[in-house]
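Listed here are the chains, written in short residue letters.
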Amino acid sequence: MNCYIAVARAGGIETIANEYSDRCTPACVSFGPRNRSIGAAAKSQLVTNCKNTVQGFKRFHGRAYSDPFVQSAKSKIGYELSQMPTGTTGIKVTYMEEEKVFSIEQVTAMLLTKLKETAEGALKKPVADCVISILATAFDQHMGGKDFDEVLVNHFCEEFGKKYKLEVKSKPRALVRLYQECEKLKKLMSANSSDLPLNIECFMDDIDVSGHLNRGQFEEMCADILARVEAPLHSIMEQANLKTEDIYAVEIVGGASRIPAVKERIGKFFRKELSTTLNADEAVARGCALQCAILSPAFKVREFSITDVVPYPVSLKWNSAAEDGVSDCEVFSKNHAAPFSKVLTFYRKEPFSLEAYYNSPKQLPYPDPTIGQYMIQKVVPQATGESSKVKVKVRINIHGIFSVSGASLVEMQKCEEGEEPMEMEQTVNLSALQNKMQVEEDQQKSPGEGEKENEEKKVMSAEEGKQEKKSDQPPQAKKPKVKTKVLELPIENNPQWQLAIEMLNLFVENEGKMIMQDKLEKERNDAKNNLEEYVYDMRDKLHGMYERFISEGVNTLSLKLEDTENWLYEDGEDQPKQVYIDRLAELKKLGQPIQDRYTEFEERPKAFEELGKQLQQYMKIVEAFKMKEEQYEHLDETEIEKVNKTVSDVMIWMNSKMNQQCKQSLTLDPVVKVAEIAAKTQELFAACNPIVTKPKPKPKVELPKDDAPAEQNGPVNGQESAEVETSANQKDAAENTESKPDMDLD
């Protein structure tokens, strides 16, 4: 129902917020007549635009439209489901005034695009890689927070039907509102055991409805769901080969872990007090960010191992010519390490197909166990007419996706006379060489996965076993010398649920168009909002702070603002962006002079004050010079006269402008602007400051001609002695610095 984004940076992991300063982004997409809304903006339209607002769609991934789960969900959602041409589930909405059917993959891509934009906005850089949490080790997919909401919704639908004669599920909007209120009630009951009310105004047909429930009643209603809490716990302990006494601590996360009855049953199973130190909502996203840091070469992470596994056992089956039937082989067992590759050997004279499937249908959350069909092409017999040896490489990649990644044919050729042959005994070495080649190839394709993929295994089919039994028999005659040649074979992949390349490209193109449309609509709305904001803001200020700066009897702007406000709610409701921009420019042409007069009035006293402070400062320095104060006696009299004249001129200019401005009406443009005063202040500083801040020259002291002590020069008084001593010290300093020319003598 919700998404969280976490990033690894600055030595830690941080959950980032969206444009609403909220770390939780609803998994919700809403389609409108001009654009899409995604996340929090879409959730706000769940009631007002319920038929075109999609949420809870993640559970429809990989499911055919005929899937019983899909059919049962149709009555619980406000939007309409439809069958795609491929048989998968689609979502029918009205977008851009047209009826559209989007695949689940398309809607998910819209949500992921929004999350990517949020991440890039927070990080101030492009985002290319991410980890998404999907695949659990043990689970019950019908035991989440939404399933508890279902119980409450069904209860109140029945109660309102009896109490108010209302058929709630016949009205999608009413059903959506009930879901929202039931979710709130569920959260309140987790923190409070007393009776709690549920009130909805104008629920259906202008009827207000109300009800109440307490935690005890809620737990009784959810008894069948709560009874399933322990099953996944038993499963995970069995898979890990652990007993409850082997567990040191239990941390619970997830929104539904806050339900007291759920916590109670988990604690009872492990016979321990549960830990809730992590953020129950954000913990999984933060774990994904940690995995990002582990996978990224840019981060150094504390050493510990995380091994992804195959969640369901995968098998291959094929037509067996030797056994006149169908053979199969489990290639990846449950909880097998991933990523991983294996090589299977077949003996064939012609192209053949393999079918991959999950061999434990009861463990699957989906009814169809098929993974895909894979056709190994261009298989031909040996020159002798015998079956060719075909090596097929199967792989589970880092994303947990199964594929037939390669196939090769081993061709046996007789050696010409004099040619150095490869001995038959080297067949095993050839296989090892083949495996080595495949491992190196994988390492080039997927760097960083080498350690796991070096453990390639060779799985022999039944036919190969029969063929190789013959090699155990003693040789009856000398065999001809042969050499081998490895030929790569093309593979035709037909995954069951994977999008075709053409369809994928079409979806990408359509998404790009919708993103551009959303951008254009956002710019249009921003222009409209800017105009509307200016109208309301200026209208209030004209009767407030700007009132003194408007000419009496001039109400042109007020009339224009009123006219624009009416236009916005009538003909201007839906106009192109440029129309709003032009309207705003037209209003500003009338309103900007008023706004400028107010701004000048507010800022002018500060500017004059700053200029006056500088004038007083320089006037004091001129007076101090005239009084022959020691601090300024080194300054040149001519230059001081220049300062005095400049100060006098600026003083006259300032007084003149201030007097003129005092006589000027506030409804007229100012006599002098703040920018002019600031320029005059800078001009005064540039003319006077270099003169009055000229440093005082240092006194010149002559060193004595001989090296006699200062006392032998016959000091007359203490002052002369001090001067001689200073000279001697300066001489020593000068001598000491002769070898250090880089040091400053001062």
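What this report covers is the structure whose coordinates are included nearby. (Residues numbered from 1 in each chain as written. Predicted model: local features only at pLDDT ≥ 70, side-chain atom pairs only at ≥ 80, totals over all residues. Heavy atoms only, no water.)

Secondary structure summary: the chain contains 19 helices and 24 strands in total. For the chain, the residues scored as buried account for 35% of the 746 residues in total. For the chain, the computed accessible surface area is about 45,300 Å², with 51% contributed by carbon and sulfur atoms. (Helix = DSSP H or I, 4+ residues; strand = E, 2+ residues; numbered from the N terminus. Buried < 20%, exposed > 50% of the residue type's maximum accessible area, 1.4 Å probe, protein only. Areas by Shrake-Rupley, 256 points an atom, 1.4 Å probe, with all protein chains shown as cover.)

Here we take up the sheet that holds strand E6 (residues 36-38). Through backbone hydrogen bonds, the strands of a sheet pair up, either in parallel or in antiparallel fashion. Strand order in the open sheet made by the three strands is E6-E5-E7, with antiparallel pairing throughout. Only two strands of the sheet have a single partner each, and these edge strands are E6 and strand E7 (53-55). Taken pair by pair, the neighbouring strands of this sheet meet at an average axis angle of 15°, ignoring direction. Alignment of strand E5 (residues 28-31) against E7, held across three bridges, turns out to be antiparallel. (Pairing = 2+ DSSP bridges. Axes fitted to C-alpha atoms, helices over the stretch in contact; angles between N-to-C directions.)

Here we take up the nonpolar core. One recurring pattern in soluble globular proteins: nonpolar side chains tend to sit buried together. Ranked by size, the top nonpolar core spans 40 residues in total, and within it Leu178, Phe203 and Ile266 carry the most contacts. Elements that contribute at least two residues to this core include exactly helix H4 (145-164), helix H5 (172-191), strand E11 (196-204), strand E12 (207-213), helix H7 (223-226), helix H8 (230-240) and helix H9 (260-270). Look past the residues within four positions of Ile266 in its chain and what remains in contact with it is Val229, Leu233, Val250, Ile252 and Leu274. Judged by nonpolar contacts, the second largest core, of 29 residues, contains Phe31, Val93, Leu111 and Ala119. (Core = buried A, V, L, I, M, F, W, Y, C linked by side-chain atoms within 4.5 Å. Contact = heavy atoms within 4.5 Å.)

Turning to the packing of H4 against H5, a few remarks are in order. One can describe the packing of H4 onto H5 by two numbers: an axis separation of 9 Å at closest approach and a directional angle of 115°. Here H4 and H5 pass one another in a crossing that is right-handed. Facing H4, whose interface residues are Gly145, Lys146, Phe148, Asp149, Glu150, Leu152, Val153, Phe156, Cys157 and Phe160, H5 presents Leu175, Leu178, Tyr179, Cys182, Glu183, Leu185, Lys186 and Met189. Across the contact of H4 with H5, the residue classes tally to twelve nonpolar, one polar and five charged. (Left-handed = near helix turned anticlockwise from the far one by under 90°. Nonpolar A, V, L, I, M, F, W, Y, C, P; charged D, E, K, R; others polar.)

A word on a nonpolar patch on the surface. A contiguous nonpolar surface patch, about 420 Å² in accessible area, is contributed by Leu112, Ile132, Ile134 and Leu135. Positionally, Leu112 belongs in helix H3 (residues 104-123). Note on Leu112: relative accessible area 38%, which makes it partly exposed. (Patch = residues over 30% accessible without salt bridge, like charges linked within 9 Å, V, L, I, M, F, W, Y side chains within 5 Å. Salt bridge = Lys/Arg side-chain N within 4 Å of Asp/Glu carboxyl O.)

A cluster of like negative charges, contributed by Glu201, Asp205, Asp206 and Asp208, occupies part of the molecular surface. Assignment of secondary structure puts Asp206 in the loop between E11 and E12. (Lys, Arg positive; Asp, Glu negative; His and termini not counted. Charge placed at Lys NZ, Arg CZ, Asp CG, Glu CD.)

Turning our attention to the sheet that holds strand E8 (residues 80-83). As summarised here, the arrangement of the three strands in space is E8-E9-E10, forming an open sheet in which the pairing is antiparallel. Edge positions in the sheet fall to E8 and strand E10 (98-103), since each has one partner strand and no second. Here the average twist between neighbouring strands, direction ignored, is 45°. Where E8 lies against strand E9 (residues 89-95), four bridges are found, and the strand directions are antiparallel. By the bridge assignment for E9, Ser82 is matched with Gly90. On top of the sheet, H3 reaches E9 and E10; it is set at about 90° to E10, its chief contact.

Any two side chains of opposite charge can pair, given that their charged atoms come close. Evaluated as defined, the whole model comprises 36 salt bridges. A salt bridge links Glu183 to Lys187, with the shortest nitrogen-to-oxygen separation between them at 3.7 Å. Taken together, the positions of Glu183 and Lys187, both in helix H5 and four residues apart, correspond to about one turn of that helix. For Lys541, the salt bridge is made with Asp537, and the minimal N-O distance between the two is 3.2 Å. Taken together, the residues span about one helical turn, with Lys541 and Asp537 both in helix H14 (residues 501-542) at a distance of four residues. Given a relative accessible area of 36%, Asp537 falls into the partly exposed group.

It is at 10 Å that the axes of H8 and H9 come closest, and there the two elements cross at 35°. Crossing of H8 against H9: the hand is right-handed. Across from Glu230, Leu233, His234 and Met237 in H8, the residues of H9 making contact are Arg265, Ile266, Phe269 and Phe270. Taken together, the residues of the contact of H8 with H9 sort by class into five nonpolar, one polar and two charged.

Turning to H3, a few remarks are in order. Between its terminal C-alpha atoms H3 stretches 28 Å, which fits the 28 Å expected from 20 residues at 1.5 Å a residue. Among the residues of H3, Ile104, Gln106, Val107, Thr108, Met110, Leu111, Lys114, Leu115, Thr118 and Ala119 are the ones counted as buried. Among the residues trailing H3, Lys124 stands out with phi positive, at a value near 60°. (Expected span 1.5 Å × (residues − 1).)

Under the 1.5 Å per step criterion, the end-to-end length of helix H17 (residues 637-663) is 39 Å for 27 residues, consistent within 8% with the ideal 39 Å. Among the residues of H17, those classed as buried are Ile640, Val643, Val647, Val650, Trp653, Met654, Lys657 and Gln661. Among the structural elements, helix H16 (577-626) and helix H18 (674-692) are those in contact with the buried residues of H17. Structurally, the start of H17 carries an N-cap: the backbone nitrogen of Thr638 is 3.1 Å from a side-chain oxygen of Asp636. (Polar contact = N/O pair within 3.5 Å; in protein donor to acceptor, adjacent residues only side chain to side chain.)

Let us now look at the environment of Asp518. When you line up the elements, Asp518 lands in helix H14. In this structure Asp518 comes out as buried when scored by relative accessible area, which is 15%. Aside from chain neighbours lying at most four places away, what touches Asp518 is Asn35, Arg36 and Tyr95.

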